[in-house]
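# Structure assessment
Listed here are the chains, written in short residue letters.
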Amino acid sequence: MFLTNLRMKLSEMDRSSRFALIASAFLITLVAVLGGLFLMAAREPGTATASAIGGPFTLVDQDGKTITERDLKGRPFLVFFGYTHCPDVCPTTLFEISEVLRALGNDADKTEALFVTVDPERDTPPVMKDYLSSFDPHLRGVSGNAAQMAAVEKSYRVYAKKVPGTNGEYSMDHTALVYLMDKQGLFVAPFNLRRTPEEAAKDLRRYF
Ligand SMILES: [Cu+2]
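Rules used in this analysis
- Residues numbered from 1 in each chain as written.
- Predicted model: local features only at pLDDT ≥ 70, side-chain atom pairs only at ≥ 80, totals over all residues.
- Heavy atoms only, no water.
- Donors = N, O, S within 2.8 Å, 3.2 Å for Na, K, Ca; no water.
- Helix = DSSP H or I, 4+ residues; strand = E, 2+ residues; numbered from the N terminus.
- Buried < 20%, exposed > 50% of the residue type's maximum accessible area, 1.4 Å probe, protein only.
- Salt bridge = Lys/Arg side-chain N within 4 Å of Asp/Glu carboxyl O.
- Phe/Tyr/Trp six-rings, centres within 6.5 Å; stacked < 30°, edge-to-face > 60°.
- Lys NZ or Arg CZ within 6 Å of the ring centre and 35° of its normal.

### A short note on the coordination of the copper ion
Here the copper ion is held by Cys86 (SG), Cys90 (SG) and His174 (NE2), and the distances to it run 2.1 to 2.2 Å. Donor residues binding the copper ion come from one chain and are separated in sequence as C-x3-C-x83-H. With Cys90 in helix α2 (residues 89-104) and His174 in strand β7 (residues 170-174), this pair connects stretches of sequence that are 84 residues apart. One exposure class covers both Cys90 and His174, and it is buried.

Right, dumping it as structure tokens:
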């Protein structure tokens, strides 16, 4: 009797958790689509939504140093969300950002480039530090606790979702946009890397 009850409860839970899974997958898709629409609206100059992307954050860089939006005031900066286990998009983008920073020469100190992890579970500061040693030294790899990460992903309207693989491994689906933020920390536009590093650097200089 007891066992039958338990089994029934378990199968009910199974069904409801399966439903929750489907519902949350739907919600995530919806959020991603809405996020994309917001971003597109933000590309139109002069609309109020532009300022709705970005904002205050408290995170920690690869040296364990706290970083907030106040540390970036007065300098335009790039923000890219990704993770160190990413097989292609992230390393490619970080390489391209590195090329832009190199093209800036000494002016690279007048900007910042943040690589914000969407996988803080694995991307701790030491892991970020090791990973970023292959890229331009100006890049800062930032992570944070669950609440800090949720807040920054929300304010940048980032979509990030864990995708289970084999043997307990997983990858992350994520927004692969490079955000250009101005001196005031306001979103300008997605930063275009489909051009020469010199052209991209010249574009970035306009916001100094
Ligand atoms: Cu990636």
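Having seen it, we continue.
### A look at the pattern of salt bridges
Note on pairing: side chains with opposite charge can pair once their charged atoms come close. The full count for this structure, using the stated rule, is 13 salt bridges. With its nearest N and O atoms 3.2 Å apart, the salt bridge here joins Glu96 to Arg194. Taken together, the positions of Glu96 in helix α2 and Arg194 in the loop between β9 (187-190) and α5 (197-205) put the pair 98 residues apart, joining distant regions of the chain. Put simply, Asp61, Arg75, Glu112 and Arg140 are held in one network by salt bridges that share partners.

### Describing the packing of aromatic side chains
Aromatic rings considered in pairs are described by the distance between their centres and by the relative angle of their planes. All told, the structure shown has seven aromatic pairs when counted by the stated rule. The interplanar angle of 75° and the centroid separation of 6.0 Å between the aromatic rings of Phe81 and Tyr179 together place this pair among those described as edge-to-face. Residue Phe81 is located in strand β3 (residues 77-82), and its partner Tyr179 is located in strand β8 (residues 178-181); the two are separated by 98 residues in the primary sequence. We classify Phe81 as buried; its relative accessible area is 0%. On the accessibility criterion, Tyr179 (0% relative accessible area) is buried. For the ring pair Tyr131 and Phe135, a centre distance of 5.5 Å and an interplane angle of 55° mean the geometry is tilted. With respect to burial, Tyr131 and Phe135 carry one shared label: buried. One aromatic cluster in this structure is built from Phe80, Phe115, Tyr131 and Phe135. Its guanidinium or amino end placed over the ring of Tyr170, Lys162 lies 4.3 Å from that ring's centre, counting from NZ or CZ. When the ring centre of Phe191 is taken as origin, the NZ or CZ atom of Arg195, which lies over that ring, is 5.1 Å away.

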